[in-house]
Amino acid sequence: MWFSLLLFLEFRSGRKISNLMKLLPFLKSVLKITEIRTVVEAYLPQLALIIFLAMLPKLLMFLSKVEGIPSESHAVRAASGKYFYFTVFNVFVGVTLGGTLYSTFKKIEAHPNGTVKLLANSLPDSATFFLSFVALKLVP
């Protein structure tokens, strides 16, 4: 599960739009329009997380059954517990702290004594991510 967090943090960084244009060349002309590129950069990471979280319960249910849990209700309970812990630790704590560390890593290397101040200044950027995430999650 930590692997998914690393992939998501890499995807959340803005460099993936240029890689996306290389991977899907037909999007290059569309993504050159600044308004569309801004919308894609703003909402694509949240949409990727929502899609991943939508598929995660099936995966966790499969993993619970592979564990050898005999009854369906116990497997559902185990899968929902795993989903809760995944959501709390990977999505909220991991994305917040990981995204903050990922975005300020170069600055922390240059000024290791000011690590706390750098992290405190870059933490509000994660609030924008979560506001967009919650807003997109509420759309039916």
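The numbers attached to residues start from 1 for each chain and follow its sequence in the written order. In view of the model being predicted, local features appear only for residues whose pLDDT reaches at least 70, and side-chain atom pairs are presented and counted only at 80 or more, with totals across whole chains, interfaces and linings using the full set of residues. With hydrogens and water set aside, each side-chain value is computed from the structure's full complement of heavy atoms.

- Under an unreviewed UniProt entry, the protein chain has the name CSC1/OSCA1-like 7TM region domain-containing protein and belongs to Saponaria officinalis.

1. What about the overall build of the protein chain?
Here comes step 1: Only runs of H or I of at least four residues qualify as helices and only runs of E of at least two qualify as strands under DSSP, and these elements are numbered from the N terminus. The secondary structure content of the protein chain amounts to seven helices and zero strands.
Here comes step 2: Seen in sequence order, the protein chain has helices and strands lined up from the N terminus as α-α-α-α-α-α-α.
Here comes step 3: Between buried and exposed lies partly exposed: a residue is buried under 20% and exposed over 50% of the maximum accessible area for its type, with that area taken using a 1.4 Å probe on protein chains only. Across the 140 residues in the protein chain, those meeting the buried criterion constitute 26%.
Here comes step 4: Across the protein chain, the fraction of contacts at a sequence separation of at least 24, relative to all contacts at a separation of at least 6, is 62%.
Here comes step 5: Accessibility throughout is a Shrake-Rupley quantity obtained with a 1.4 Å probe, and a residue counts as covered only by protein chains that appear here. Split by element, the accessible area of the protein chain, about 9,600 Å² in all, is 72% carbon and sulfur. In this description, contact between two residues means that some pair of their heavy atoms is separated by no more than 4.5 Å.

2. Overview of the packing of helix H4 (residues 34-66) against helix H5 (residues 72-110)
Here comes step 1: Inter-axis angles, ranging from 0 to 180 degrees, are taken between N-to-C directions of lines fitted to C-alpha atoms, where helices are fitted over the stretch in contact. One way to put it is that H4 packs onto H5 with a least axis distance of 8 Å and a crossing angle of 140°. Judged on the interaxial angle alone, H5 and H4 are oblique. Note on packing geometry: the crossing formed by H4 with H5 is right-handed. Contacts from Leu-49, Phe-52, Leu-53, Leu-56, Pro-57, Leu-60, Met-61, Leu-63, Ser-64 and Lys-65 of H4 reach H5 at Glu-72, Ala-75, Val-76, Ala-78, Ala-79, Lys-82, Tyr-83, Phe-86 and Val-91.
Here comes step 2: A per-class count over the contact of H4 with H5 returns 15 nonpolar, one polar and three charged. Orientation categories follow fixed angle ranges, with anything under 35 degrees roughly parallel, anything over 145 roughly antiparallel, 65 to 115 roughly perpendicular, and all other angles oblique. Should the near helix be turned counterclockwise from the far one by less than a right angle, the crossing is left-handed, whereas a clockwise turn marks it as right-handed. The nonpolar class holds Ala, Val, Leu, Ile, Met, Phe, Trp, Tyr, Cys and Pro. Asp, Glu, Lys and Arg form the charged class, and all remaining residues, Gly among them, are polar.

3. A word on the pattern of salt bridges
Here comes step 1: Whenever Lys or Arg places a side-chain nitrogen within 4 Å of a carboxyl oxygen from Asp or Glu, that contact is recorded as a salt bridge. Counted according to the given criterion, the structure contains two salt bridges.
Here comes step 2: For the salt bridge of Glu-72 with Lys-65, the shortest nitrogen-to-oxygen distance reads 3.6 Å.
Here comes step 3: Its relative accessible area of 48% is what places Glu-72 among the partly exposed residues.
Here comes step 4: On the accessibility criterion, Lys-65 (43% relative accessible area) is partly exposed.
Here comes step 5: Lys-82 serves as the salt-bridge partner of Glu-67, at 2.5 Å between the closest nitrogen and oxygen. Within this pair, whereas Glu-67 is found in the loop between H4 and H5, its partner Lys-82 is found in helix H5, the two being separated by 15 residues in sequence.
Here comes step 6: Look at Glu-67 and you get exposed, because its relative accessible area is 54%.

4. Overview of the UniProt feature "transmembrane region" (unreviewed entry) in the protein chain
Here comes step 1: UniProt positions are given in the numbering used here, feature names are shortened, and annotations may be inferred rather than shown by experiment. Here the UniProt-annotated "transmembrane region" (unreviewed entry) positions come out as residues 43-63 and 83-102.
Here comes step 2: Span residues 43-63 is 100% helix and 0% strand, its end C-alpha atoms 30 Å apart.
Here comes step 3: End C-alpha atoms of residues 83-102 are separated by 24 Å, and the span's content is 100% helix alongside 0% strand.

5. Topic: the confidence of the model for the protein chain
Here comes step 1: The quantity known as pLDDT measures the predictor's confidence residue by residue, on a range of 0 to 100. Averaged over every residue, the pLDDT of the protein chain is 79; residues scoring 70 or more account for 86%.
Here comes step 2: Across the protein chain, the secondary-structure element scoring lowest on mean pLDDT is helix H1 (residues 2-12), at 54, and the one scoring highest is H4, at 85.

6. Focus on H5
Here comes step 1: An ideal rise of 1.5 Å per residue puts 57 Å on 39 residues; H5 measures up with 53 Å between its terminal C-alpha atoms.
Here comes step 2: At Thr-104, H5 shows its maximal bend, which comes to roughly 60°. Here the expected length of a helix is defined as 1.5 Å per residue gap, with one fewer gap than residues. Bend at a residue means the angle formed by two fitted axes: the first through the 7 residues ending at that position, the second through the 7 residues beginning there.

7. Side note on the nonpolar core
Here comes step 1: Think of a nonpolar core as a cluster: buried Ala, Val, Leu, Ile, Met, Phe, Trp, Tyr and Cys residues, connected wherever their side-chain atoms sit within 4.5 Å. Membership of the largest hydrophobic core comes to 14 residues, with the highest contact counts inside it found for Leu-49, Leu-53, Val-91, Phe-130 and Phe-133.
Here comes step 2: For this core, the secondary structure elements donating two or more residues are H4, H5 and helix H7 (124-138).
Here comes step 3: Examining the composition of this core, we find that six residues originate from one element, H4, more than from any other.
Here comes step 4: With sequence-adjacent residues up to four places away left out, Leu-53 is seen in contact with Tyr-83, Phe-86, Val-91 and Phe-133.

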